[in-house]
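What follows is each chain in one-letter form.
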Amino acid sequence: MSTSPPVPALAQLPEPVRARVVALAADVLPALGQLPPALRRVATFAPARRAKLGATAIATALREEDLRARVASHLAVQPPATSTPVDRAAVAWLVRAGAWEAELAAALDEVAPAGPTREESEVARLRDRLDAAERAAREQRAMHRAQVDEVKAENTTLRRRLGEARAAEKAARAAAEQAAAQVDGLRREVEALASAQEREVRRLRARVAELEADAASGRRAVRAERDEATVRARVLLETVVEAAAGLRRELGLPSVTGAPADRVEAGLSAGVAEGARVLTGASAGLLEQYLAMPRARLVVDGYNVSKSIWPTSPLEAQRIRLVNALAPLVARTGADTTVVFDAGQVGQGARPVVAAPRGVRVYFSPEGTIADDVIRDLVAAEPPGRVVVVVTGDQAVLADVTRAGARGASVDALASLIS
């Protein structure tokens, strides 16, 4: 069984055939679509420069069967002219259709010289290597030139951007200088306003000092006039007092003790037993007459009275009914009225708020103190001679307040008035 001879590599072909193979591949390179990275830049070259500058890269890529088959497919669709043995050998090596081995061998026989010597073969090999080196150098220079062009383009772009940046920086600097000038102007205006304001403040302070001095002088003058008037009034009063004393001595008038209220009370007490200081229910009219006396004072023992009059009502209702019932009595008599409640009756916490009518004051005894002691303190604080009436059913409290000079009134007497 016969075997086909091995396919010669591209490097084994004669130089003209290799050059033609590279030229054919270079012609169809842009139409092949996806290319290896080494051929992408070569495909962008002009057709005349493509085979010259990218020969090494194309020859290296043709070692791969895939690229050769794609070139062969394109050449099969558009076959090139094969008028010379070199063209036939290159097309047969690339396309490899039919009896291409025989066609390649026949074409190579026509291309190859008859019986080259060893020296000629060595010279040809060296020439091939030199050509390959020159092609590689050309490709390298072309790639370097392309890189230089890219660098130049990038340099141009960077210079343009640098110019734009410088222009923007210049504009920003001008804007900053303008803003600084505006800030300086505003600062000068603010300083001028502050200076004017400070001058105005100093002027106003000076004016205030003048007015204060005038006011102090006026006060001294008024005080001097008042002191002079006081001295005059004192001299006049002393003169009147001395004259009254001399007149009393000349007339031989006896000394008078007691207060006018005592005499009024004595007149109101007609029909009341001598020395009686507590008004009962039958003396309701007399109680109202006492309260109608000038600057009379009424003190009511709150819960003691309310529990006696409304024993079934809650404490809150008792407080409200009592203070509201006292309002008409206070309006008729004008008596200074105070109702004292025991805070212990309402428990711990905040004291209740009572909306008392006009003329009625409501007190709650402090914590730890009963209302009876508060009533005793109120009576003790009153000046001698003032009519003070205390309404309570506690006999001990009545005894204490009557000893202190107050009048006592029973709950029935007050109930008769407010009912």
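Keep in mind it's a predicted model, so treat the numbers as computed, not measured.

J.: What's the story with the packing of helix 6 (residues 85-95) against helix 7 (residues 100-111) in this structure? I'm lost.
T.: In helix packing, the relevant descriptors are the interaxial angle and the interaxial distance, both defined with respect to the helix axes. Contact geometry of helix 6 with helix 7 gives a least axis separation of 8 Å together with a crossing angle of 150°. As the angle between them shows, helix 6 and helix 7 are arranged roughly antiparallel. Here the hand of the crossing between helix 6 and helix 7 comes out left-handed. Together, Pro85, Val86, Arg88, Ala89, Ala92 and Trp93 of helix 6 and Trp100, Glu103, Leu104, Ala107, Leu108, Glu110 and Val111 of helix 7 make up the contact between the two elements. In terms of residue class, the contact of helix 6 with helix 7 is built from 10 nonpolar, no polar and 3 charged.

J.: Explanation requested: the layout of surface pockets in the structure shown.
T.: Unfilled space is identified by rolling a water-sized probe across the atoms. One number sums up the size of the largest pocket: a volume of about 550 Å³. Breaking the lining of the largest pocket down by element, the ones donating at least two residues are helix 1 (15-28), helix 4 (55-61), helix 5 (65-77) and helix 8 (118-251). Counting residues per element, the lining of the largest pocket draws most heavily on helix 1, at 5 residues. Considered class by class, the residues forming the lining of the largest pocket number 12 nonpolar, 2 polar and 9 charged.

J.: I keep staring at the pattern of salt bridges and nothing clicks. Help me out?
T.: Opposite charge on two side chains permits them to pair, given that their charged atoms come into close proximity. One pass over the full model with this rule turns up 19 salt bridges. Two residues, arginine 202 and glutamate 198, come together in a salt bridge whose shortest N-O distance is 3.2 Å. One end of the pair is arginine 202 and the other is glutamate 198, both in helix 8 and 4 residues apart, which spans about a single turn. You can call arginine 202 partly exposed: its relative accessible area is 45%. The exposure class of glutamate 198 is partly exposed, given its relative accessible area of 48%. Two residues, arginine 386 and aspartate 336, come together in a salt bridge whose shortest N-O distance is 3.6 Å. With arginine 386 in the loop between helix 13 (371-381) and strand 5 (388-391) and aspartate 336 in strand 3 (residues 336-341), this residue pair connects regions lying 50 residues apart in the sequence. Because the salt bridges share partners, they merge into one network encompassing Arg297, Asp336, Arg361, Glu382 and Arg386.

J.: Could you clarify how one ought to interpret the sheet that holds strand 4 (residues 360-364) in this entry?
T.: Across a sheet, paired strands are connected by hydrogen bonds in the backbone, their directions being either parallel or antiparallel. Pairing within the open sheet is parallel, and its 6 strands lie in the order 1-6-5-2-3-4. Two strands bound the open sheet, and with one partner strand each, they are strand 1 (278-279) and strand 4. Relative to strand 2 (residues 297-301), helix 11 (residues 302-309) is tilted by about 65°, and along the sheet it contacts strand 2, strand 3, strand 4 and strand 5.

J.: How should the packing of aromatic side chains be read in this particular structure?
T.: The description of two aromatic rings rests on the distance between their centres and on the angle between their planes. If you walk through the whole model with that rule in mind, you get 2 aromatic pairs. Feature note: the residues Tyr303, Phe341 and Phe364 constitute an aromatic cluster, connected by ring pairs. Sitting above the plane of the phenylalanine 45 ring, arginine 49 keeps its charged end 5.6 Å from the centroid. The residue whose ring lies beneath arginine 96 is tryptophan 93, and the NZ or CZ to ring-centre distance is 4.9 Å.

J.: I'm lost on the pairing of strand 5 in this one. Help?
T.: Remember that side chains alternate between the two faces of the sheet whenever the strand is regular. Burial along strand 5 is two-sided: the face carrying Val388 and Val390 and the face carrying Val389 and Val391 are both buried. Pairing geometry for strand 2 and strand 5, over 4 bridges, is parallel. Looking at the pairing, valine 299 lines up with valine 390 of strand 5. Direction of pairing for strand 5 relative to strand 6 (residues 407-409): parallel, over a ladder of 3 bridges. Paired with valine 390 across the bridge in strand 6 is glycine 408. Once you follow strand 5 into helix 14 (residues 395-403) and on to strand 6, the crossover reads as right-handed.

The rules behind each value
- Residues numbered from 1 in each chain as written.
- Predicted model: local features only at pLDDT ≥ 70, side-chain atom pairs only at ≥ 80, totals over all residues.
- Heavy atoms only, no water.
- Axes fitted to C-alpha atoms, helices over the stretch in contact; angles between N-to-C directions.
- Helix = DSSP H or I, 4+ residues; strand = E, 2+ residues; numbered from the N terminus.
- Parallel < 35°, antiparallel > 145°, perpendicular 65-115°, else oblique.
- Left-handed = near helix turned anticlockwise from the far one by under 90°.
- Contact = heavy atoms within 4.5 Å.
- Nonpolar A, V, L, I, M, F, W, Y, C, P; charged D, E, K, R; others polar.
- 1 Å grid on protein atoms, 1.4 Å probe; cavity = no way out; pocket = protein on both sides within 12 Å on 5 of 7 lines; lining within 4 Å.
- Points joined across faces, edges and corners; volume = space filled by probe spheres on them.
- Salt bridge = Lys/Arg side-chain N within 4 Å of Asp/Glu carboxyl O.
- Buried < 20%, exposed > 50% of the residue type's maximum accessible area, 1.4 Å probe, protein only.
- Pairing = 2+ DSSP bridges.
- Phe/Tyr/Trp six-rings, centres within 6.5 Å; stacked < 30°, edge-to-face > 60°.
- Lys NZ or Arg CZ within 6 Å of the ring centre and 35° of its normal.
- Right-handed = clockwise from strand over helix to strand, strands pointing away.

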